[in-house]
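Residue strings, one per chain:
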Amino acid sequence: MTRQQITIDGRDELTDALGISRSDVGERPTLSELRRTVETETDPEFASMGEAIRDDMARELDADLLASELSAFEEQIARLPEVRDAGIPEGAEEPETLYREVVQPAWRLYDHLVEAGFFESLEERLPRFTPNHIERTAHELVRLDALSEELDELGFDEREKTVLVMNVVNNNTRLARWVPTKEIPSDVEFDVEHVPPLHKRAMGGALLWVNSMDVHLWQKEVLVTEEILDDGYWDVKAMLAGVDLIARAALDIAEDGAMSDSQLVAALTGGAAIAIVNQEEICKDVYWITEEMRNPTPAR
């Protein structure tokens, strides 16, 4: 397990991206340390994009539904340690519902956002991921006061909160491969017409990975080690934090909440980036089990 740790190289890359001095923070900085150090100037382009998304969606989103389901979802996220402790889902004919139960409220959030046209608005208003856009997003995310408090409530400690932001910033070139549907070249092998908007892929994809965990672990029980379960626990927790951040931003639009327009864009972009980075990680950590990773066979 290395991605949950703050390495010196990772710290250096993060501070460089944020434009702050390494000497202004400790070897393993907290989100609070970064917030005190990063510049406070608001990005006017982010503010303009956020205002446009609010204009699109303020009357389309159901604040009561979002608040109710978000509360239920966060109660489920708080249960994740219990799910990890359970290990492999039990069941003779089919697996019990451990991970699937956790994401049930999130599916209702997702369905509402789909019906409201939320993802189409984000696709229209937000730019594609580029290293520069991710770094600007990180500035706004670090300055988002509510982010640290919300991650506390979701069960993230200080190290995990920093790692969550660091893994987004330090994967900016990797994230740049995820492009909006409208920018996918028309001569690719698949039918672009059926590719959903980027933020829908990020949120829906994360939920699909978590949804499939029960069956995957149950079917591959003989291969699964405690390390695989631990890595999967972190990947799931991080993906759900990304989903929660997107849903929080949607609720802020519906309630005309406290986020500034630039912070709204940071929450939407950052939430999608967190969900995407950890979708790719869970493939390597849990689903593509190599000989080196697997539980040794009794014959060895």
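Here goes a summary of the coordinates provided. Keep in mind the model is a prediction, meaning the values are calculated, not measured. (Residues numbered from 1 in each chain as written. Predicted model: local features only at pLDDT ≥ 70, side-chain atom pairs only at ≥ 80, totals over all residues. Heavy atoms only, no water.)

**A word on the overall build of the protein chain**
Stated precisely, the cut-off is as follows: Numbering of helices and strands starts at the N terminus; helices are DSSP runs of H or I of at least 4 residues and strands are runs of E of at least 2. Each residue is assigned to one of three classes by its accessible area relative to the maximum for its type, calculated with a 1.4 Å probe on protein chains only: buried under 20%, partly exposed between the two thresholds, exposed over 50%. Contact definition: two residues touch when any of their heavy atoms are within 4.5 Å. Method for areas: the Shrake-Rupley scheme with a 1.4 Å probe, in which residue coverage is limited to the protein chains shown. Charged residues are defined here as Lys and Arg on the positive side and Asp and Glu on the negative side; His and the ends of the chain fall outside this count. One atom stands in for each charge, and that atom is NZ of Lys, CZ of Arg, CG of Asp or CD of Glu.
On a plain count of helices and strands, the protein chain comes out with 15 helices and zero strands. Dimensions of the protein chain, computed from the C-alpha atoms along their principal axes, are close to 65 × 50 × 45 Å. Expressed as a percentage of its 300 residues, the buried residues of the protein chain come to 56%. Restricting the contact set of the protein chain to residue pairs at least 6 apart, pairs at least 24 apart contribute 82%. When the accessible surface of the protein chain is totalled, it reaches about 13,500 Å², and 46% of it is carbon and sulfur. One way to put it: in the protein chain the 29 positive side-chain charges average out to a point 4 Å from where the 64 negative ones average out.

**Remarks on the side chain of S121**
Here S121 lies in helix 7 (residues 118–125). Beyond its immediate chain neighbours, meaning those up to four positions away, S121 contacts I53, D56 and M57.

**Concerning the packing of helix 12 (residues 198–211) against helix 14 (residues 226–255)**
Applied cut-off: The axes used here are C-alpha line fits, helices contributing only the stretch in contact, and every angle between their N-to-C directions lies in the interval 0 to 180 degrees. Helix crossings fall into two classes, left-handed where the near helix is turned counterclockwise from the far one by less than a right angle and right-handed where it is turned clockwise. Amino acids are sorted into nonpolar (Ala, Val, Leu, Ile, Met, Phe, Trp, Tyr, Cys and Pro), charged (Asp, Glu, Lys and Arg) and polar (every other residue, Gly among them).
For the pair helix 12 and helix 14, interaxial distance at closest approach is 10 Å and the crossing angle is 145 degrees. When you trace helix 12 past helix 14, the crossing you get is left-handed. Side by side, helix 12 and helix 14 meet where M203, A206, L207, W209 and V210 of the first sit next to V236, M239, L240, V243 and I246 of the second. Partitioned by chemical class, the residues of the contact of helix 12 with helix 14 number ten nonpolar, no polar and no charged.

**A short note on the packing of aromatic side chains**
Condition: Two rings from Phe, Tyr or Trp (for Trp, the six-membered ring) form a pair when their centres are within 6.5 Å of each other. A pair whose planes differ by under 30 degrees is stacked, one over 60 is edge-to-face, and the rest are tilted.
Overall, the coordinates contain five aromatic pairs when judged by the stated rule. A ring pair is formed by F118 and F119, whose centres lie 5.8 Å apart and whose planes are at 75 degrees; its orientation type is edge-to-face. For the pair shown, F118 and F119 are each scored as buried. Taken together through their ring pairs, the aromatic side chains of W107, Y110, F118 and F119 make up a single cluster.

**A word on helix 4 (residues 63–78)**
The test is simple: A helix is expected to span 1.5 Å multiplied by its residue count minus one. As used in this structure description, the phrase polar contact means that two N or O atoms lie within 3.5 Å; if the pair is within protein, one of them must be able to donate a hydrogen and the other to accept it, and residues adjacent in sequence are counted only when both atoms belong to side chains.
Under the 1.5 Å per step criterion, the end-to-end length of helix 4 is 22 Å for 16 residues, consistent within 8% with the ideal 22 Å. Contacts made by the buried residues of helix 4 are with helix 5 (80–86), helix 6 (99–116) and helix 14. For helix 4, the side-chain oxygen to backbone nitrogen distance between the N-cap and D64 is 3.1 Å, and the N-cap itself is D62.

**Focus: unusual backbone geometry**
Even without a glycine there, the phi angle at D256 is positive, about 50 degrees. Structurally, the position occupied by D256 is in the loop between helix 14 and helix 15 (261–287).

**So, the nonpolar core**
Note the threshold: For the purposes of this section, nonpolar cores are sets of buried Ala, Val, Leu, Ile, Met, Phe, Trp, Tyr and Cys residues that join through side-chain atoms within 4.5 Å.
By size, the foremost hydrophobic cluster in this structure holds 98 residues, and its most contacted members are L61, F118, F129 and L240. With 18 residues, helix 14 is the largest single contributor of residues to this core.

**Some points on the pattern of salt bridges**
Convention followed: Salt bridges, as used here, are contacts in which a Lys or Arg side-chain nitrogen is within 4 Å of a carboxyl oxygen on Asp or Glu.
Following the criterion strictly, the structure yields 23 salt bridges and no others. Between R108 and E69 there is a salt bridge, with its nearest N and O atoms 2.9 Å apart. Taken together, the residues R108 in helix 6 and E69 in helix 4 connect sequence positions 39 residues apart. Among the residues examined, R108 registers a relative accessible area of 39% and is labelled partly exposed. Among the ionic pairs, R159 bridges to D157, the shortest N-O distance being 3.8 Å. Through salt bridges with shared partners, a single network forms among R11, D12, D16 and R22.

**Quick notes on the side chain of E74**
As for its placement among the helices and strands, E74 is situated in helix 4. Those residues in contact with E74, other than ones at most four positions away along the chain, are L154, D244 and R248.

**Remarks on helix 6**
Spelled out, the test is: Given a residue, its bend is the angle between the two axes fitted to the seven residues that end at it and to the seven that start from it.
Here helix 6 spans 26 Å end to end across 18 residues, near enough to the 26 Å set by a 1.5 Å rise per residue. Where helix 6 bends most, the angle comes to about 35 degrees, and this point is P105. All of the buried residues in helix 6 are Y99, V102, V103, P105, A106, W107, L109, Y110, H112, L113 and A116. G117 sits one or two positions beyond helix 6 and adopts a positive phi of about 80 degrees.

**Structural notes on the packing of helix 1 (residues 8–18) against helix 10 (residues 158–169)**
Here is the rule we go by: With respect to orientation, any angle under 35 degrees is reported as roughly parallel, any angle over 145 as roughly antiparallel, any angle of 65 to 115 as roughly perpendicular, and every other angle as oblique.
Running from N to C, helix 1 and helix 10 cross one another at 70 degrees; their axes reach a closest spacing of 10 Å. Taken together, helix 1 and helix 10 sit at an angle that is classed as roughly perpendicular. Contacts between helix 1 and helix 10 involve G10, R11, L14 and A17 from the first element and T162, M166 and V169 from the second. Its residues assigned to classes, the contact of helix 1 with helix 10 comprises four nonpolar, two polar and one charged.

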